[in-house]
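In case you want the letters, here they are:
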Amino acid sequence: MSRRKQKAPVKSASAAASSSAVVLRFSQAQQLHQQGKLSEAEPLYRELLESNPTAAGPMHFLGLLCMQRGDLEQAEALMDGALQQIRDPLFLSNYGMLHARAGRHAKAIELYTEAVDRQPAFAEAWFNLGVSRTEQGDHTQAIAAYRKAIAIRPDYSKALFNLLALLYANDSDAEAEGIVRHLERMGATTGQPGADLALALQRVGGARNLRRTQELLTQSLRRNPGDLDAGLALARILDETA
């Protein structure tokens, strides 16, 4: 009895090669995008969408690129289209940022909330939620969102600074003091100057933190004498207290 010869799975091998090429192309596009080379990343995303018009990844990130470039109308169409394919937490958060940029904070909050419901440890989405809650004047919920972001990422400096501002604005000085000490420890650990903290304290803490602000600016200038912002801020404080 004759045996049939096995045939190589040509179609399967071809499909696998094609899939690998798509993954590689998408990776290249994202790498260029992350490097800020938008004009080089864009044609790669568009090429991928030409071959697969419903590919959620290229569709979303092309939309994000359009948002970064200021074309909010095209960005919205692309990012909404990607979310029709998959309710990915990152897609939701980025789309929320688009709505926030357009001043539609209620819609942004809806998207950020879905993002953190799907991925509770998504610190950036909690931070974005805090920003939009603040814009709506809901300081209680904004503070809660920033606390969530910081619980996930204790070194999340943007969330710490925003929380610090809200705590001072709402006369929660005791918790604000804890945030200040935490930021000081972060600066000591990383060896970074305290100019950012000092300028934040000057902006939100008022007279309550004048001495500490002066000390931090002085220390910062010893480490980095060329820090113009720190130098000007210290000069203003010294002039006010003279």
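Computed from a prediction, not measured in an experiment: that's the story for all the values here.

> With reference to specific residues and values, describe the overall build of the protein chain.
Looking only at helices and strands, the protein chain has 13 helices and zero strands in total. Reading the protein chain from its N terminus to its C terminus gives the helix and strand order α-α-α-α-α-α-α-α-α-α-α-α-α. Looking at the 242 residues of the protein chain, the share that counts as buried comes to 40%. For the protein chain, the accessible surface area stands at approximately 14000 Å², while carbon and sulfur atoms represent 51% of it.

> A description of the packing of aromatic side chains should follow, citing residues and the corresponding values.
Taken as a whole, this structure holds five aromatic pairs when the rule is applied. Seen in terms of ring centroids, Phe61 and Phe91 are 6.1 Å apart; in terms of plane orientation they differ by 85°. Their pairing is edge-to-face. Taken as a pair, Phe61 in helix H3 (residues 56–69) and Phe91 in helix H5 (residues 89–101) lie far apart in primary sequence, 30 residues in all. Exposure class is identical for Phe61 and Phe91. Each is buried. Three or more aromatic residues joined by ring pairs form one cluster here, namely Phe26, Tyr45, Phe61 and Phe91. Against the face of Tyr156 rests Arg153, its NZ or CZ located 3.9 Å from the ring centre.

> I'd love a proper account of the environment of Val180, names of residues and values included.
Assignment of secondary structure puts Val180 in helix H10 (residues 173–190). Taking relative accessible area as the criterion, Val180 reaches 0% and is therefore assigned buried. Taking C-alpha positions, Val180 is 8.9 Å from Phe161, a pair spaced 19 residues apart along the chain.

> Provide a residue-level description of the pattern of salt bridges, including the pertinent values.
Overall, the coordinates contain ten salt bridges when judged by the stated rule. A salt bridge links Glu76 to Arg104, with the nearest nitrogen and oxygen atoms 3.2 Å apart. Residue Glu76 is located in helix H4 (residues 72–85), and its partner Arg104 is located in the loop between H5 and helix H6 (105–118); the two are separated by 28 residues in the primary sequence. Salt bridges sharing common partners tie together Glu42, Arg46 and Arg69.

> Which residues make up the packing of helix H7 (residues 123–135) against helix H9 (residues 157–169), and what values go with them?
At their nearest, the axes of H7 and H9 sit 10 Å apart, and the two run at 30° to each other. As judged from the angle between their axes, H7 and H9 are roughly parallel. Where H7 crosses over H9, the two elements pack in a sense that is left-handed. Two secondary-structure elements touch here, H7 through Phe127, Val131 and Thr134 and H9 through Lys158, Ala159, Asn162 and Leu166.

> Can you lay out the confidence of the model for the protein chain for me, pointing to particular residues and giving the numbers?
Averaged over every residue, the pLDDT of the protein chain is 83; the share at 70 or more is 71%. Within the protein chain, H6 carries the highest mean pLDDT (98), whereas helix H11 (residues 195–204) carries the lowest (62). The model gives residues 7–11 a pLDDT under 50, and that stretch makes zero contacts with residues more than four places away or in other chains.

> Describe in detail the nonpolar core, supporting the description with residues and values.
Core analysis: the largest hydrophobic core is formed by 59 residues, its most contacted members being Tyr45, Tyr146, Ala159, Leu163, Leu164, Ile179 and Leu183. Discounting residues that sit within four places of it in the chain, Ala159 has contacts with Phe127, Tyr146, Ala149 and Ile150.

> Go over the side chain of Ser93, please, and point to the residues and values.
The topology assignment puts Ser93 in helix H5. Classification of Ser93 as buried rests on a relative accessible area of 2%.

> Kindly report on the environment of Pro43, identifying the contributing residues and their values.
Here Pro43 lies in helix H2 (residues 38–51). On the basis of relative accessible area, Pro43 is assigned to the partly exposed category, the value being 43%. Along the chain, Pro43 and Leu62 lie 19 residues apart, while their C-alpha atoms are 9.3 Å from each other.

> Before we move on, could you go through H3 and cite the residues and values that matter?
With 14 residues, H3 should reach 20 Å at 1.5 Å per residue; the first-to-last C-alpha distance of 20 Å fits that figure. Counting buried residues along H3, twelve of its 14 residues qualify, which places the element largely inside the surrounding structure. Of the residues flanking the end of H3, it is Gly70, one or two places downstream, whose phi is positive at about 100°.

Reading guide: rules and limits
Residues numbered from 1 in each chain as written. Predicted model: local features only at pLDDT ≥ 70, side-chain atom pairs only at ≥ 80, totals over all residues. Heavy atoms only, no water. Helix = DSSP H or I, 4+ residues; strand = E, 2+ residues; numbered from the N terminus. Buried < 20%, exposed > 50% of the residue type's maximum accessible area, 1.4 Å probe, protein only. Areas by Shrake-Rupley, 256 points an atom, 1.4 Å probe, with all protein chains shown as cover. Phe/Tyr/Trp six-rings, centres within 6.5 Å; stacked < 30°, edge-to-face > 60°. Lys NZ or Arg CZ within 6 Å of the ring centre and 35° of its normal. Salt bridge = Lys/Arg side-chain N within 4 Å of Asp/Glu carboxyl O. Axes fitted to C-alpha atoms, helices over the stretch in contact; angles between N-to-C directions. Parallel < 35°, antiparallel > 145°, perpendicular 65-115°, else oblique. Left-handed = near helix turned anticlockwise from the far one by under 90°. Contact = heavy atoms within 4.5 Å. pLDDT = per-residue confidence, 0-100. Core = buried A, V, L, I, M, F, W, Y, C linked by side-chain atoms within 4.5 Å. Expected span 1.5 Å × (residues − 1).

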